[in-house]
Amino acid sequence: MSLQTPIQNNRRYDPNEIASYYRYRPWLAWARALNVIWSFAAFIFSLKWDEWQNQVEQNKLKRATQLRQLLTRLGPTFIKVGQALSTRPDLVRKDFLEELVKLQDQLPPFDNAIAYQLIETELGRPVKEIYSELSPSPVAAASLGQVYRGRLHTGEEVAVKVQRPNLRPVITLDLYLLRWAAGWLAPWLPLNLGHDLRLIVDEFGTKLFEEIDYLNEGRNAEKFATNFRNDPHVKVPAIYWRYTSTRVLTLEWLNGFKLTDTKKVKEAGIDPEAIIEIGVTSGLQQLLEHGFFHADPHPGNLFAMPDGRMGYIDFGMMDQLDETTKETLVDAVVHLVNKDYNDLAKDYVKLGFLTPDTDIRPIVPALEATLGNAIGKNVGDFNFKTITDQFSELMYDYPFRVPAKFALIIRSLVTQEGIALSLNPNFKIVEVAYPYVARRLLTGESPQLRRRLLDVLFKDGKFQWQRLENLIAIARTDENFDVLPTAKLGLEYLLSDEGKYLWRQLILALTEDDRLHTEEVQRLWNLVKDDLKPNRLLDVAIGVLTDLSKERVAAILPSVTAIATFGIKR
Ligand SMILES: Nc1ncnc2c1ncn2[C@@H]1O[C@H](COP(=O)(O)OP(=O)(O)OP(=O)(O)O)[C@@H](O)[C@H]1O
């Protein structure tokens, strides 16, 4: 970056540009560095003092609170660092962690006159020409911006998010110092991060820069809305692009109740159970279907709408999962519920929680001991909080690390479960989550998911009757699950080229050990027979068959007969 370029206008995080800017302004860097170093030195000294005075235990909570206050005082970058650390039980001790979780943007609002001025400069018009009404003071102030309630001249109610002034210079300077410190301090820290600490600062910087670009937030909101366009349960505010810029975001006002306000939600006559179910299912859809997920779903960002929908706001922090990761996550859930710890350990390697060279043999029994307890006899006893707590214990004994992406996912799951528990103390996440996963596997909309189903149903080449039974039984606890469309998809699949293999496997399974497995078939039939009334079934079968051409049927039939004969005579 040349000396003339104002650092205010950088939209992308570029550590080299930032470094060359501050290299010529060392006085700025030094002043801030001294302030930060002094604050932390005083805090570290108080920790040491506690050790010398043998007061660690009794001052534990006080120090944790002081740490939170210290980060708040140092401003937006440090609040965000604190928020990020609050998701890392592998890095931060427990009492600090609990305090950091509370780090909810406790900054005082900035001056209204500055905010109004910023709106006019950014949007190039007087405020009165843009909004017919705008609240005289903000309705909320957060670490990066504050929000006003207003109305457009066309009558729509809007939320207007205005960024704190000078955010970019403050953040860039802090990131420059953090990066510099990361390079110098890393060798002295007892951390096993598996990465260069500077890369972590860079990843953090990239995310933070995305978050302070409101055009990016608007785009995220629209992408999220598109993913849920066919879902009548999820509400996403519309973006008013004409009144939006990098630093001002104008979006539809959501007239709902924050999930933090459980009392109001109930008073409004909204069914908490239904909202919870939407929350968990839409959360899982983001992770396992769309791959594009809201990385900051704290209850203040979620609304229960009077019509029973759930509203999402704040799309500044989103993340994207690739196909393989999504599939491996589905695998991990299935392996966890099937108590298949060997495969689960392999999933951890694939997901990056363990490095590929890790010897997983000692880890498998450890997983079994911790997770087996957490699940208990009944899958319904499973909860994420217990799992993550137990998992953090494992982290100290085995070389687990939390890839940055998963820190967000885990936080998002634990938060959703927490929200659900605050609305219904008897909530069991798995009662919603597993039927969802089971349903997705059984309906197998994509070839990848169908392959997953086969992986689940066949272990070491043997068909697992019990697993199919479990899956159907669990999927049926979800009232949205209808066996018939699934049967239709199954039938279509069996008649497709890809399904030939499954035919062969099914027939081998039916005749395994030289007997016909009629008992198992009978049990499965008992599970689904109520849904499969003969005339409905016939309709489905006819529907599928009429879609097939004569040639297709002719091509399939001989092979099926051959396999059947071959299978039985085996
Ligand atoms: N569309 C909206 N409808 C109603 N209220 C809104 C809307 N958008 C924002 N708000 C209010 O403004 C507050 C802050 O908004 P938002 O979460 O988007 O800001 P933020 O700066 O990203 O804060 P944080 O990251 O801390 O959640 C919300 O908690 C909510 O009270």
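On a predicted model such as this, the values are computed, not experimentally measured, just so you know.

**Observations concerning the packing of helix α12 (residues 272-290) against helix α17 (residues 404-423)**
Logical step 1: Close contact between α12 and α17 brings their axes to 9 Å; oriented N to C, the two are set at 170°. Relative to α17, α12 is oriented roughly antiparallel. On α17, the residues touching Pro 272, Ile 275, Ile 276, Gly 279, Val 280, Gly 283 and Leu 287 of α12 are Ile 409, Leu 413, Gln 416, Ala 420 and Leu 423.
Logical step 2: Class assignment of the residues belonging to the contact of α12 with α17 gives a composition of 9 nonpolar, 3 polar and no charged.

**Side note on unusual backbone geometry**
Logical step 1: Look at Asn 54: it is not a glycine, yet its phi comes out positive at around 55°.
Logical step 2: With respect to the helices and strands, the residue Asn 54 is situated in the loop between α2 (26-52) and α3 (56-74).
Logical step 3: Under the relative-accessibility criterion, Asn 54 is labelled exposed at 68%.
Logical step 4: The phi dihedral of Asp 314 is positive, around 65°, even though this residue is not glycine.
Logical step 5: Inspection of the secondary structure assignment puts Asp 314 in the loop between β10 (310-312) and β11 (318-320).

**Some points on the pattern of salt bridges**
Logical step 1: Tallying each qualifying case throughout the model produces 20 salt bridges.
Logical step 2: One salt bridge connects Asp 202 with Arg 179, and the closest N-O pair in it is separated by 2.7 Å. One end of the pair, Asp 202, is in helix α9 (residues 197-211); the other, Arg 179, is in helix α8 (residues 167-185), with 23 residues separating them in the sequence.
Logical step 3: Judged by relative accessible area, Arg 179 falls into the partly exposed class, the value being 25%.
Logical step 4: Here Asp 307 and Arg 309 are joined by a salt bridge, their closest N and O atoms 2.9 Å apart.
Logical step 5: For Arg 309, a relative accessible area of 26% puts it in the partly exposed group.

**A closer look at a nonpolar patch on the surface**
Logical step 1: A contiguous nonpolar surface patch, about 380 Å² in accessible area, is contributed by Phe 45, Trp 49 and Trp 52.
Logical step 2: With respect to the helices and strands, the residue Trp 52 is situated in helix α2.

**Observations regarding the nonpolar core**
Logical step 1: Ranked by internal contacts, the top residues of the largest apolar core, which has 73 residues, are Tyr 348, Leu 367 and Phe 400.
Logical step 2: Per-element accounting of this core gives the leading share, 8 residues, to α17.
Logical step 3: Not counting residues within four places of it along the chain, the set of residues in contact with Phe 400 comprises Tyr 348, Phe 353, Leu 354, Ile 363, Leu 367, Phe 391, Leu 394 and Met 395.
Logical step 4: Core analysis: the second largest hydrophobic core is formed by 19 residues, Tyr 13, Ile 18, Ala 29 and Leu 144 among them.

**Things to note about α2**
Logical step 1: With 27 residues, α2 should reach 39 Å at 1.5 Å per residue; the first-to-last C-alpha distance of 37 Å fits that figure.
Logical step 2: Every buried residue of α2 is accounted for by Ala 29, Arg 32, Ala 33, Val 36, Ser 39, Phe 43, Ser 46 and Asp 50.
Logical step 3: Looking at the buried positions of α2, the neighbouring elements they touch are α3, α4 (76-85), α5 (94-101) and α8.
Logical step 4: Just downstream of α2 lies Asn 54, where phi reads positive at about 55°.

**Here we look at the sheet that holds strand β5 (residues 234-235)**
Logical step 1: If you walk across this open sheet you meet the 4 strands as β5-β10-β9-β7, and the pairing is mixed. The open sheet is flanked by β5 and β7 (257-258), the only strands paired with a single partner.
Logical step 2: Both strand β9 (residues 302-304) and β10 contribute to a ladder of 3 bridges, which runs antiparallel. What sits directly across from Leu 302, in β10, is Tyr 312.

**Side note on the environment of Pro 306**
Logical step 1: Mapped onto the secondary structure, Pro 306 falls in the loop between β9 and β10.
Logical step 2: Take Pro 306: its relative accessible area is 55%, and that puts it in the exposed class.

**Concerning the packing of aromatic side chains**
Logical step 1: Throughout the structure, instances matching the rule amount to 15 aromatic pairs.
Logical step 2: Note on Tyr 116 and Tyr 148: the rings are 5.9 Å apart at their centroids and 80° apart in plane angle, and the pair reads as edge-to-face. Of this pair, Tyr 116 sits in helix α6 (residues 112-123) while Tyr 148 sits in strand β3 (residues 145-152), and the two are 32 residues apart along the sequence.
Logical step 3: Note on Tyr 148: relative accessible area 0%, which makes it buried.
Logical step 4: Ring plane angle 50° and centroid distance 5.1 Å describe the contact between Phe 224 and Phe 228, whose orientation is recorded as tilted. The pair Phe 224 / Phe 228 is uniform in exposure class, with both members buried.
Logical step 5: Ring pairs connect the aromatic residues Phe 224, Phe 228, Tyr 312 and Phe 315, which therefore count as one cluster.

**Concerning the side chain of His 294**
Logical step 1: Within the secondary structure layout, His 294 lies in strand β8 (residues 292-294).
Logical step 2: The exposure class assigned to His 294 is buried, which follows from its relative accessible area of 1%.
Logical step 3: Engagement of the side chain of His 294 in a polar contact is seen with the backbone oxygen of Ile 313, the distance being 2.9 Å.
Logical step 4: Ignoring sequence-local partners within four residues, the contact set of His 294 consists of Phe 224, Gln 286, Asn 301, Tyr 312, Ile 313, Asp 314, Phe 315, Met 317, Met 318 and Ser 412.

**Section: α4**
Logical step 1: α4 sits mainly inside the fold: 7 of its 10 residues count as buried.
Logical step 2: Buried within α4 we find Pro 76, Thr 77, Phe 78, Ile 79, Lys 80, Gly 82 and Gln 83.
Logical step 3: Residues of α4 that are buried make contact with α2, α3, α5, α8, α9 and α17.

**Examining the confidence of the model for the protein chain**
Logical step 1: Residues at a pLDDT of 70 or more form 70% of the protein chain, whose mean pLDDT is 79.
Logical step 2: At the low end of the mean pLDDT range in the protein chain sits helix α25 (residues 550-569), at 47; at the high end sits strand β6 (residues 248-252), at 98.
Logical step 3: The low-confidence segment residues 556-570 (pLDDT under 50) makes 17 contacts with residues lying over four places distant or belonging to another chain.

**Remarks on the packing of helix α13 (residues 323-337) against helix α14 (residues 341-351)**
Logical step 1: Here α13 crosses α14 at 155°, and the two axes come no closer than 9 Å. One finds that α13 runs roughly antiparallel with respect to α14. At the point where α13 passes α14, the crossing takes the left-handed sense. Contact residues: α13 offers Thr 325, Thr 328, Leu 329, Asp 331, Ala 332, His 335 and Leu 336, while α14 offers Asp 343, Leu 344, Asp 347, Lys 350 and Leu 351.
Logical step 2: Class assignment of the residues belonging to the contact of α13 with α14 gives a composition of 5 nonpolar, 3 polar and 4 charged.

Definitions and cut-offs
Residues numbered from 1 in each chain as written. Predicted model: local features only at pLDDT ≥ 70, side-chain atom pairs only at ≥ 80, totals over all residues. Heavy atoms only, no water. Axes fitted to C-alpha atoms, helices over the stretch in contact; angles between N-to-C directions. Helix = DSSP H or I, 4+ residues; strand = E, 2+ residues; numbered from the N terminus. Parallel < 35°, antiparallel > 145°, perpendicular 65-115°, else oblique. Contact = heavy atoms within 4.5 Å. Nonpolar A, V, L, I, M, F, W, Y, C, P; charged D, E, K, R; others polar. Buried < 20%, exposed > 50% of the residue type's maximum accessible area, 1.4 Å probe, protein only. Salt bridge = Lys/Arg side-chain N within 4 Å of Asp/Glu carboxyl O. Patch = residues over 30% accessible without salt bridge, like charges linked within 9 Å, V, L, I, M, F, W, Y side chains within 5 Å. Areas by Shrake-Rupley, 256 points an atom, 1.4 Å probe, with all protein chains shown as cover. Core = buried A, V, L, I, M, F, W, Y, C linked by side-chain atoms within 4.5 Å. Expected span 1.5 Å × (residues − 1). Pairing = 2+ DSSP bridges. Phe/Tyr/Trp six-rings, centres within 6.5 Å; stacked < 30°, edge-to-face > 60°. Polar contact = N/O pair within 3.5 Å; in protein donor to acceptor, adjacent residues only side chain to side chain. pLDDT = per-residue confidence, 0-100. Left-handed = near helix turned anticlockwise from the far one by under 90°.

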